[in-house]
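Here is how the chains run, residue by residue.
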Amino acid sequence: MSNTAASDDEVFKYFHDVKIDHDNIAHYRGLMAKKLLINRCDDCGNWIYPHRPLCPKCLSWNVIPTPVSGKGRLYMYTLIMQSRDPDMPLTEPIQAAAIELAEQPGLRYLSRVVNCPVEVLAHDMPVALTWIEENGRFWPVFQPTGKAHG
Ligand SMILES: [Zn+2]
């Protein structure tokens, strides 16, 4: 991946199976560069997720995709035991999670937890951003902070 930001066409091509629209394209462009960008209101500082172009707090359109620290806590999770493709059974359950990001109470990013045995998963446990590669693409996921060097 080059250092210059991907064009719209490159984002559409890279995430051909994702519904990309005007409101989320900056987020996905960030993922291509391994950056987790969340919209932030440049007028009042409010973080906005899911991706929206308008600040729900002050009604400003001055919303800017901004990198987050990658620190957070496990707000809730569920285990996905079955993949959509019957020919590709999961070897272990996917830990789907809402991560409450450190930037703002209630700012919860939908992701996955990795490098963590299921029995260790716990509400409010501290987690940190890491990246996994799946089918040639990188995705932002979270792992317990004790494994931040892993
Ligand atoms: Zn605002």
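About the criteria used
Residues numbered from 1 in each chain as written. Predicted model: local features only at pLDDT ≥ 70, side-chain atom pairs only at ≥ 80, totals over all residues. Heavy atoms only, no water. Helix = DSSP H or I, 4+ residues; strand = E, 2+ residues; numbered from the N terminus. Rg over C-alpha atoms; globule rule 2.2 N^0.38 Å. Buried < 20%, exposed > 50% of the residue type's maximum accessible area, 1.4 Å probe, protein only. Contact = heavy atoms within 4.5 Å. Areas by Shrake-Rupley, 256 points an atom, 1.4 Å probe, with all protein chains shown as cover. Lys, Arg positive; Asp, Glu negative; His and termini not counted. Charge placed at Lys NZ, Arg CZ, Asp CG, Glu CD. Core = buried A, V, L, I, M, F, W, Y, C linked by side-chain atoms within 4.5 Å. Domains from an automatic or database assignment. Donors = N, O, S within 2.8 Å, 3.2 Å for Na, K, Ca; no water. Tetrahedral: all angles 85-135°; square planar, octahedral: opposite > 155°, others 65-115°.

(A) Summary view of the overall build of the protein. Within the protein, the secondary structure is distributed over two helices and eight strands. Counting helices and strands in the order they occur from the N terminus, the protein gives α-α-β-β-β-β-β-β-β-β. Since a compact globule built from 150 residues should have a radius of gyration of about 15 Å, the 16 Å found for the protein is in line with a globular shape. With respect to the principal axes defined by its C-alpha atoms, the protein has extents near 45 × 35 × 30 Å. For the protein, with 150 residues in total, the buried portion stands at 37%. In the protein, of all internal contacts separated by at least 6 residues, the share reaching a separation of at least 24 is 45%. For the protein, the accessible area works out to roughly 9,400 Å², and carbon and sulfur atoms hold 53% of it. Within the protein, the 17 negative side-chain charges are centred at a point lying 5 Å from the centre of the 15 positive side-chain charges.

(B) Region of interest: the nonpolar core. Ranked by size, the top nonpolar core spans 26 residues in total, and within it V11, F15, I99 and L101 carry the most contacts. Looking at this core, the elements that each hand over two or more residues are α1 (8-14), α2 (25-32), β5 (94-101), β6 (108-113) and β7 (126-134). At four residues, the largest contribution of residues to this core is made by α2. Both domains that meet at this core, namely domain 1 (8-67) and domain 2 (71-147), each give it at least three residues. Setting aside anything within four residues of it in sequence, one finds V11 in contact with A6, I20, I25, Y28, R29 and M32.

(C) Layout of the coordination of the zinc ion. Looking at the zinc ion, one finds its protein donor set to be C41 (SG), C44 (SG), C55 (SG) and C58 (SG), positioned 2.3 to 2.4 Å from the metal centre. Bound by four donor atoms, the zinc ion shows angles of 105 to 114° at the metal and therefore tetrahedral coordination geometry. Between the donor residues of the zinc ion, the gaps in sequence give the motif C-x2-C-x10-C-x2-C. Highlighted residues: C44 in the loop between β1 (37-41) and β2 (47-48) and C55 in the loop between β2 and β3 (63-67), separated in sequence by eleven residues. Take C44: its relative accessible area is 35%, and that puts it in the partly exposed class.

Note that all results are geometric; they support no functional claim without further evidence.
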